[in-house]
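Letter by letter, the chains look like this.
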Amino acid sequence: MTEFDADADARRLAADSLATGDVTGWFERLYAEAATGDAIVPWDSRVPHPLLVEWTHGRKGHGLRALVVGCGLGDDAEHVASLGYDTLAFDVSESAARGARARFPDSNVDYLTADLLNPPAAWRHAFDLVVEIMTVQSMPEPCHAEAIAGVSSMVGPGGTLLVIASARDEGGPVAAPPWQLTPSEINAFAADGLVPQRIEDLRDTERHRCRATFHRPAPQRADGGVD
């Protein structure tokens, strides 16, 4: 049986893609090779992210729409859908979206292929909950501002954005990929009318992560009520 160094393989594919100026093409190559047993997706744990599970404890989303950014093979999206949200999930890799549909053939999640750097116009301000887990950081730093703006733009009036990311101190070293997010980049999600609710700096002996939530206020009616 062939053994893989998952992180090394991801770095190799990323370097090959970036050398041609394609910042996202390596995801399709990685998921396609993983589907044939020729690579391992290093972040594919086959369970929803624990910081997502913790944050959603006790929450219900019946009647609400959710979007999961960079859904990979679907574990986070399935967890969000289990809370009652009408869930759409997308990945730039068609092989990832296809793999998610194959893993969860009876799922209510709508798995699509889309590019965060060029999202469908219909998604603007369209979702009650947007979940972004370690997608922006998978792209080189020059792409972060555009990707962050894309994520923020999809939160609808009265909606919430949840961001979970590997983090680093401002100006700190980065061993890419991933390109860990800095505090200023986390704060940049508060754009296009979003306001920060809670930003958690989570550190232990092995990892530095951030979990942050942002809210888009619902517009007020002329009578002082909220739409």
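Just so we're clear, the structure is a prediction, and the values are computed from it rather than from any experiment.

Draft legend 1. Broad picture of the pattern of salt bridges. With the rule as written, the count across this model stands at 13 salt bridges. In this structure, Arg98 and Glu94 form a salt bridge, with 3.7 Å as the shortest nitrogen-oxygen distance. Highlighted residues: Arg98 and Glu94, both in helix 5 (residues 94-103), separated by 4 residues, approximately one helical turn. Overall, the relative accessible area of 28% leaves Glu94 in the partly exposed class. Here Asp201 makes a salt bridge to Arg203, at a shortest N to O gap of 2.6 Å. On the accessibility criterion, Asp201 (48% relative accessible area) is partly exposed. Taken together, the salt bridges that share partners define one network made up of Glu54, Arg198, Glu200 and Arg211.

Draft legend 2. Examining the nonpolar core more closely. In terms of nonpolar packing, the biggest core is built from 29 residues, with Leu67, Leu116, Val130, Leu161, Ile186 and Phe189 touching the most fellow members. Elements supplying a minimum of two residues to this core: strand 1 (65-69), strand 2 (86-91), strand 4 (127-133), helix 6 (144-153), strand 5 (155-166) and strand 7 (208-215). By residue number, the principal contributor to this core is strand 5, which donates 4 residues. Look past the residues within four positions of Phe189 in its chain and what remains in contact with it is Glu132, Val136, Ile148, Val151, Ser152, Leu161, Val163, Leu181, Leu194 and Phe214. By size, the runner-up hydrophobic cluster in this structure holds 19 residues, among which are Val80, Ala89, Ala100 and Val131.

Draft legend 3. Seen up close, the sheet that holds strand 1. Strand order in the open sheet formed by 7 strands is 3-2-1-4-5-7-6, and the pairing between neighbours is mixed. A strand with exactly one partner marks an edge of an open sheet, and here the two such strands are strand 3 (110-113) and strand 6 (195-203). Pairs of neighbouring strands in the sheet enclose a mean axial angle of 15 degrees, with direction left out of account. The pairing of strand 1 with strand 4 spans 4 bridges and is parallel. Within the sheet, the bridge partner assigned to Ala66 lies in strand 4 and is Leu129.

Draft legend 4. Summary view of the side chain of His208. Residue placement: His208 occurs in strand 7. Accessibility expressed as a relative area gives 18% for His208, which makes it buried. Side chain to side chain, His208 and Asp201 meet in a polar contact 2.6 Å long. Those residues within four positions of His208 in sequence are excluded, and the remaining contacts are Ala165, Ser166, Ala167, Arg168, Asp169, Asp201, Leu202 and Arg203.

Draft legend 5. A look at the pairing of strand 1. With respect to burial, strand 1 is a largely interior element, 4 of its 5 residues being buried. Judged from the 4 bridges that link them, strand 1 and strand 2 form a sheet pairing that is parallel. Following the sheet pairing, Ala66 is matched in strand 2 by Thr87.

Draft legend 6. Molecular detail of unusual backbone geometry. Of note in the backbone geometry, His125 takes a positive phi value of approximately 55 degrees without being a glycine. Checked against the element boundaries, His125 lands in the loop between strand 3 and strand 4. Although it is not a glycine, Asp192 sits at a positive phi angle of roughly 55 degrees. What makes Asp192 partly exposed here is its relative accessible area of 33%.

Draft legend 7. Quick look at the pairing of strand 3. Bridge count between strand 2 and strand 3: 4 bridges; the pairing is parallel. Following the sheet pairing, Leu88 is matched in strand 3 by Asp110. Of the crossover connections in this fold, the one passing from strand 2 over helix 5 to the parallel strand 3 is right-handed.

Draft legend 8. Local environment of helix 6. Of all 10 residues in helix 6, 7 are buried; the element is thus mostly enclosed. Residues of helix 6 that are buried: His144, Ala147, Ile148, Gly150, Val151, Ser152 and Ser153. Here the buried face of helix 6 lies against strand 1, strand 4, strand 5 and helix 7 (183-187).

Reading the values: rules and limits
- Residues numbered from 1 in each chain as written.
- Predicted model: local features only at pLDDT ≥ 70, side-chain atom pairs only at ≥ 80, totals over all residues.
- Heavy atoms only, no water.
- Salt bridge = Lys/Arg side-chain N within 4 Å of Asp/Glu carboxyl O.
- Helix = DSSP H or I, 4+ residues; strand = E, 2+ residues; numbered from the N terminus.
- Buried < 20%, exposed > 50% of the residue type's maximum accessible area, 1.4 Å probe, protein only.
- Core = buried A, V, L, I, M, F, W, Y, C linked by side-chain atoms within 4.5 Å.
- Contact = heavy atoms within 4.5 Å.
- Pairing = 2+ DSSP bridges.
- Axes fitted to C-alpha atoms, helices over the stretch in contact; angles between N-to-C directions.
- Polar contact = N/O pair within 3.5 Å; in protein donor to acceptor, adjacent residues only side chain to side chain.
- Right-handed = clockwise from strand over helix to strand, strands pointing away.

Such coordinate-based values are descriptive only and should not be taken to indicate function.
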